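Each chain, letter by letter, is given below.
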Amino acid sequence: MAAALDTVFDISLARTQLARDVDHPLSAHGISLADLAILRELRLAVDGKLRRSELASRLGITPSGVARQVAPLERMGLVDRESHERDARLALVVLTETGKQIVDEALATAEAAAARALASRWNEAERDQLSALLARVRG
């Protein structure tokens, strides 16, 4: 049997289901879970600014993936771009005041949705164990 591969598929399915359960309530804020991930990282940054490459590293996606995800957020006025005068690779993604407000409101919604989604699948001890196991992914 392919126990290791089955585990990877099960993790992928769980991720998809959990993301859907958290993503749906976020529509009330006009953003998706993927949007919230970017906005959250910017909110956690000391000055609300990060290079695209840093965002990509923190989210585990490519810099071009960040560029594709940031473009609609920029059109919505949630982030802005701050160019480096001599090197375009060093351009920063900056959280706007509107972005700060939206992310703060959306984080509360997402936290409640995440708690419901996790509780519907695992008991408290299992959630604690799962959290400890997955914390290793972040290193």
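Scroll up a little and you will see the structure.
Source: prediction; values computed, not measured.

Here we take up the overall build of the protein chain. Each helix and strand counted, the protein chain has 6 helices and 3 strands in total. Each helix and strand of the protein chain, ordered N terminal to C terminal, gives the series α-α-β-α-α-β-β-α-α. Principal-axis analysis of the C-alpha atoms gives the protein chain an extent of 55 × 35 × 25 Å. Buried positions account for 27% of the 139 residues belonging to the protein chain. Considering only contacts within the protein chain whose residues lie at least 6 apart along the sequence, 55% involve residues at least 24 apart. When the accessible surface of the protein chain is split by element, carbon and sulfur atoms take 54% of a total near 9,200 Å². When the 19 positive and 20 negative side-chain charges of the protein chain are each reduced to one mean point, those points stand 4 Å apart.

Contact geometry of helix 1 (residues 3-26) with helix 5 (residues 97-119) gives a least axis separation of 9 Å together with a crossing angle of 145°. Viewed along their axes, helix 1 and helix 5 form a crossing whose handedness is right-handed. Together, Leu-18, Asp-21, Val-22, Pro-25 and Leu-26 of helix 1 and Ala-106, Thr-109, Ala-110, Ala-113, Ala-114, Arg-116, Ala-117 and Leu-118 of helix 5 make up the contact between the two elements. A breakdown of the residues in the contact of helix 1 with helix 5 according to their chemical character gives 10 nonpolar, 1 polar and 2 charged.

The next point concerns the sheet that holds strand 1 (residues 49-51). Backbone-to-backbone hydrogen bonds pair the strands of a sheet. The strands run either parallel or antiparallel. Spatially, 1-3-2 is the arrangement adopted by the 3 strands of the open sheet, whose pairing is antiparallel. Unpaired on one side and paired on the other, strand 1 and strand 2 (79-82) mark the two borders of the sheet. For this sheet, the mean inter-axis angle between neighbouring strands, taken without regard to orientation, is 30°. As paired elements, strand 2 and strand 3 (residues 92-95) share 4 bridges and run antiparallel to each other. Bridging from a neighbouring strand, Val-79 pairs with Leu-95 of strand 3. Helix-sheet contacts for helix 3 (residues 52-59) involve strand 1, strand 2 and strand 3, and the interaxial angle to strand 1 is about 90°.

Rules used throughout
Residues numbered from 1 in each chain as written. Predicted model: local features only at pLDDT ≥ 70, side-chain atom pairs only at ≥ 80, totals over all residues. Heavy atoms only, no water. Helix = DSSP H or I, 4+ residues; strand = E, 2+ residues; numbered from the N terminus. Buried < 20%, exposed > 50% of the residue type's maximum accessible area, 1.4 Å probe, protein only. Contact = heavy atoms within 4.5 Å. Areas by Shrake-Rupley, 256 points an atom, 1.4 Å probe, with all protein chains shown as cover. Lys, Arg positive; Asp, Glu negative; His and termini not counted. Charge placed at Lys NZ, Arg CZ, Asp CG, Glu CD. Axes fitted to C-alpha atoms, helices over the stretch in contact; angles between N-to-C directions. Left-handed = near helix turned anticlockwise from the far one by under 90°. Nonpolar A, V, L, I, M, F, W, Y, C, P; charged D, E, K, R; others polar. Pairing = 2+ DSSP bridges.

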